[in-house]
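Reading the structure
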Amino acid sequence: MPRKAQGHRLRSGRFSEPGRIYLVTTVCARRRRWFADFSRARCCVQSLREVEDLVTTLCFVVMPDHLHWLLQLDHGELPVAVQKVKANTTRRIGRLEGTRCHIWQKGFHDRALRREEVARYVVANPLRAGLVHNLGDHPLWDAIWLD
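Here the structure is a predicted model, which is why all the values come from computation and not from measurement.

1. Focus: the side chain of His 138
By the secondary structure assignment, His 138 is in the loop between helix H4 (125–128) and strand E5 (141–143). A polar side-chain atom of His 138 sits 3.1 Å from the main-chain carbonyl oxygen of Val 62. Beyond its immediate chain neighbours, meaning those up to four positions away, His 138 contacts Val 61, Val 62, Pro 126, Leu 131 and Val 132.

See the structure below:
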């Protein structure tokens, strides 16, 4: 019997701390590769930009079936920012596809961090997954440390 995803329970008992750096990972429902399509993946990137009033995005990488997002929480609650990204991504893809869709698993995983070098790990995901041989060939990532 397959195990049911329990991502929605990961934040039980946790609180958000403004000023803290978080590494958030959120996964597509049933690991469907929604973001293997560039137009859909750009919907996710645009949605990240729409929460800049709540967070400062330090870096991100959109993978075919999930998102890694390193951010600093400026104010508010982390789950609110993540939910906005997920809802906006779903809405944008729904408009693109002309139908209602279910993109994300419930919940997300996060780790509060103290050091920025984890950004290298985050953006190198496409290399480790074998999607590209050079990070510059993967167009769906960004980091604030780039000029």
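2. Some details on the environment of Arg 120
Along the chain, Arg 120 turns up in helix H3 (residues 118–123). Separated by 23 residues in sequence, Arg 120 and Ala 143 have C-alpha atoms that sit 9.2 Å apart.

3. A look at helix H2 (residues 78–97)
Taking 1.5 Å of rise per residue, 20 residues should cover 28 Å, and H2 covers 29 Å from first to last C-alpha, within 8% of that figure. Leu 78, Ala 81, Val 82, Val 85, Lys 86, Asn 88, Thr 89, Ile 93 and Gly 94 are the residues of H2 that are buried. Tucked inside the fold, the buried residues of H2 contact strand E1 (21–27), helix H1 (38–49), strand E2 (55–63), strand E3 (66–73) and strand E4 (109–113). Once H2 finishes, Gly 98 follows within two positions and takes phi at roughly 75°, a positive value.

4. Concerning the environment of Asp 37
You can see Asp 37 is positioned in the loop between E1 and H1. Placed 27 residues apart in sequence, Asp 37 and Pro 64 show a C-alpha to C-alpha distance of 7.9 Å. From its side chain, Asp 37 meets the backbone nitrogen of Ser 39 in a polar contact 3.1 Å long.

5. As for the nonpolar core
Phe 35, Val 62, Leu 67 and Trp 69 are the most contacted members of the largest nonpolar core, which totals 28 residues. Mapped onto this core, the elements with two or more residues apiece are E1, H1, E2, E3 and H2. Excluding anything up to four places from it in sequence, Val 62 contacts Phe 35, Ala 41, Cys 44, Val 45, Leu 67, His 138 and Leu 140. In this structure, Leu 23, Val 61, Val 123 and Ala 143 belong to the second largest nonpolar core, which totals 14 residues.

6. Side note on the packing of H1 against H2
In contact at an axis separation of 8 Å, H1 and H2 are set at 145° when each is read in the N-to-C sense. For the pair H1 and H2, the crossing hand works out as right-handed. Here Ser 39, Arg 40, Cys 43, Cys 44, Gln 46, Ser 47 and Leu 48 of H1 come into contact with H2, specifically with Val 85, Asn 88, Thr 89, Arg 92, Ile 93, Leu 96 and Glu 97. For the contact of H1 with H2, the class distribution of residues is 6 nonpolar, 5 polar and 3 charged.

What counts, and where the lines are drawn
- Residues numbered from 1 in each chain as written.
- Predicted model: local features only at pLDDT ≥ 70, side-chain atom pairs only at ≥ 80, totals over all residues.
- Heavy atoms only, no water.
- Helix = DSSP H or I, 4+ residues; strand = E, 2+ residues; numbered from the N terminus.
- Polar contact = N/O pair within 3.5 Å; in protein donor to acceptor, adjacent residues only side chain to side chain.
- Contact = heavy atoms within 4.5 Å.
- Expected span 1.5 Å × (residues − 1).
- Buried < 20%, exposed > 50% of the residue type's maximum accessible area, 1.4 Å probe, protein only.
- Core = buried A, V, L, I, M, F, W, Y, C linked by side-chain atoms within 4.5 Å.
- Axes fitted to C-alpha atoms, helices over the stretch in contact; angles between N-to-C directions.
- Left-handed = near helix turned anticlockwise from the far one by under 90°.
- Nonpolar A, V, L, I, M, F, W, Y, C, P; charged D, E, K, R; others polar.

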